[in-house]
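Examining the three-dimensional arrangement
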Amino acid sequence: MSRIGKQPVKFPKGVEIKLDAGSLSVKGPKGTLIQKVDARIKVDIDAKDSVVNFSRANDDRVDRAMHGLYRALCRNMVEGVTTGYAKRLEIHGVGYQAKIEKGALSLSVGFSNPVVLPIPKGITIETPNPTTVDVKGIDRQQVGEFSARIRGSRPPEPYQGKGIRYAGEQIRRKAGKSMATGK
């Protein structure tokens, strides 16, 4: 039995979970998320106790993997519609900055032209100062993917530490070349 899959997902008051034609929909104060569920996984919603249980028909390798996967996806959906997800990115480097222009994030990170990333639907971007970017949304996968795209536009380099990094991320620094001073 999957250790993750057998744990019930508890949902707070104000969250509504429904299963319609193989799609699990979670509706809460921040929005609605929908996830298709494979037919091999059985979903039991107990509205009285505010829990969702997942089970599988047999013990095949794929079924075991899906059992834990769908339980984790449901838990992430419940957390997303109640509290939401957020990632903070920091920009390090002289003249490096970010700003929001016309529904897109514009990053000036040392290239001849700014890197322009259109903001996807369901994501909100805030720039409290020019060197900080906050990515917020209710879908964990979407927040993480867009944050990775921002970081990937100029990943931190190990010699001077310039680039875009997650808040609190430690960059392993390398020593640069030193000139030989011999005659």
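Anything mentioned here points back to the structure above.
First things first, this report covers the structure right here in the doc. Keep in mind that this is a model prediction, so the values were computed, not measured. (Residues numbered from 1 in each chain as written. Predicted model: local features only at pLDDT ≥ 70, side-chain atom pairs only at ≥ 80, totals over all residues. Heavy atoms only, no water.)

**Concerning the overall build of the protein chain**
For the protein chain, the count of helices and strands is 2 helices and 13 strands. In terms of principal-axis extent, the alpha carbons of the protein chain reach across some 80 × 45 × 25 Å. In the protein chain, which comprises 183 residues, the proportion classed as buried is 35%. Long-range contacts, defined as pairs at least 24 residues apart, comprise 50% of the intrachain contacts of the protein chain with a sequence gap of at least 6. Counting only carbon and sulfur atoms, one obtains 51% of the accessible surface of the protein chain, whose full area is about 11600 Å². Each charge class in the protein chain can be summarised by its mean position, and for the 33 positive and 18 negative side chains these summaries are 8 Å apart. (Helix = DSSP H or I, 4+ residues; strand = E, 2+ residues; numbered from the N terminus. Buried < 20%, exposed > 50% of the residue type's maximum accessible area, 1.4 Å probe, protein only. Contact = heavy atoms within 4.5 Å. Areas by Shrake-Rupley, 256 points an atom, 1.4 Å probe, with all protein chains shown as cover. Lys, Arg positive; Asp, Glu negative; His and termini not counted. Charge placed at Lys NZ, Arg CZ, Asp CG, Glu CD.)

**Re unusual backbone geometry**
The phi dihedral of Ser50 is positive, around 60°, even though this residue is not glycine. Looking at the secondary structure, you find Ser50 in the loop between strand S5 (41-46) and strand S6 (51-56). Residues other than glycine seldom take positive phi values, yet Lys102 does so here, at roughly 50°. Relative to the elements of secondary structure, Lys102 occurs in the loop between strand S8 (97-101) and strand S9 (104-108).

**Section: the side chain of Ser23**
Tracing the backbone shows Ser23 in strand S3 (residues 23-28). With near-sequence residues (within four places) excluded, Ser23 lies in contact with Lys18, Ile34, Gln35 and Lys36.

**What to know about the pattern of salt bridges**
The final tally for this structure, using the stated rule, is 10 salt bridges. The salt bridge partner of Glu16 is Lys18, with a shortest N-O separation of 3.6 Å. Each of Asp38, Arg40 and Asp63 takes part in salt bridges that share partners, so that together they form one network. (Salt bridge = Lys/Arg side-chain N within 4 Å of Asp/Glu carboxyl O.)

**Looking at helix H1 (residues 61-82)**
Given a rise of 1.5 Å per residue, 22 residues ought to cover 32 Å, and the 33 Å separating the end C-alpha atoms of H1 matches this to within 8%. All of the buried residues in H1 are Asp63, Met66, His67, Gly68, Tyr70, Arg71, Cys74, Asn76, Met77, Val78, Gly80 and Val81. Positive phi appears at Gly84, one or two residues downstream of H1, with a value of about 85°. (Expected span 1.5 Å × (residues − 1).)

**Structural notes on the pairing of strand S10 (residues 115-118)**
Covered by surrounding structure in S10 are Val115 and Leu117 only, the residues Val116 and Pro118 on the alternate face being uncovered. Strand direction decides the pairing type here: S9 and S10, joined by 4 bridges, are antiparallel. Each residue of the ladder has a partner; that of Leu107, found in S10, is Val115. In textbook terms, the turn of a hairpin is the stretch between consecutive antiparallel strands, and for S9 and S10 this stretch comprises 6 residues, one of which, Gly110, has a positive phi near 90°. (Pairing = 2+ DSSP bridges.)

**Quick look at the packing of aromatic side chains**
Taken as a whole and assessed by the stated rule, the structure comprises 0 aromatic pairs. Note that Lys87 overlies the ring of Tyr166, its terminal NZ or CZ placed 5.2 Å from the centroid. If you follow Arg154 out to its NZ or CZ, it ends over the ring of Phe111, 4.4 Å from the centre. (Phe/Tyr/Trp six-rings, centres within 6.5 Å; stacked < 30°, edge-to-face > 60°. Lys NZ or Arg CZ within 6 Å of the ring centre and 35° of its normal.)

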